[in-house]
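# Structure assessment
For reference, the chains in residue letters:
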Amino acid sequence: MNLEKNVQLKQPKYQQIAIDLASKIVERKYRIGDKIYARSSLASQYKVSAETARRAIAVLQDLEIVEASKGSGVIIKSYEKAAHFVRQFHDVQSIHEIQNELLTSIHKQQQELITLQEKAKQLISRTEHFRSVNPFIPYQLELTADSPCIHQTVQALNFWQNTASTIVGIRRGNELLISPGPYVSFEEGDVIYFIGNDESFARVQSFLYPNA
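Quick caveat: nothing in here was measured; it's all calculated off a predicted structure. (Residues numbered from 1 in each chain as written. Predicted model: local features only at pLDDT ≥ 70, side-chain atom pairs only at ≥ 80, totals over all residues. Heavy atoms only, no water.)

Below, the discussion takes up the pattern of salt bridges. Applying the stated criterion across every chain, the model contains seven salt bridges. Here Lys24 and Asp20 are joined by a salt bridge, their closest N and O atoms 3.5 Å apart. Of this pair, Lys24 and Asp20 are both found in helix 1 (residues 13-26), four residues apart, which corresponds to roughly one turn of the helix. By relative accessible area, which is 28% here, Asp20 ends up partly exposed. Of the charged contacts, one joins Glu199 and Arg203 as a salt bridge, the two residues approaching to 3.2 Å between their closest N and O atoms. The exposed category is assigned to Glu199, whose relative accessible area is 53%. (Salt bridge = Lys/Arg side-chain N within 4 Å of Asp/Glu carboxyl O. Helix = DSSP H or I, 4+ residues; strand = E, 2+ residues; numbered from the N terminus. Buried < 20%, exposed > 50% of the residue type's maximum accessible area, 1.4 Å probe, protein only.)

Further remarks concern unusual backbone geometry. Positive phi, normally seen in glycine, also occurs at Lys47, with a value near 60 degrees. Looking at the secondary structure, you find Lys47 in the loop between helix 2 (39-46) and helix 3 (50-62). Of note in this structure, His151 is not a glycine but carries a positive phi near 70 degrees. Structurally, His151 is set in the loop between strand 4 (139-142) and helix 5 (159-163). Residue classification places His151 among the exposed positions, given a relative accessible area of 60%.

In structure tokens form, the structure reads like this:
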């Protein structure tokens, strides 16, 4: 997805001049009945062509903010309509800024997601490589109250027969039981360490939590 970043809302020059003149009316720099620059003076002030100045005045005239005639020039007609024009312009600007910020945020999140996916791939690849080099790195699972295996022994559960996995240790609180044997019972909070093939973790998890 290709997103635009830092997009600027660019308006035609004559519209920029129109909004600037309307803003000056709102700021009371011009008052109702005042006569503003002739088109030629306006063109010189804003450093634009006479046609661009004419278009700016035409916008204000269409909105009934000013009244223009050949004999009388350009006269300020309505403060309220100038204020409405300015508010409308700023509303459009605000909406565009929000859209731009949203697009930038989406773009940033997409880049972060791509980075996360790459890191996950690297982790999986390195983990698989590490296990292939050293297959005796144990898996581990914690026993919670949700497991029906609580208080049952390894032998009674036929743990190896049901999971094809070998328990190499159990951490219980601050103690680590190495090679606990068939008569040790599982208790809530135990962390079981076991070894097996690539499917061992899923099998043991399913065995310890059959209702999950």
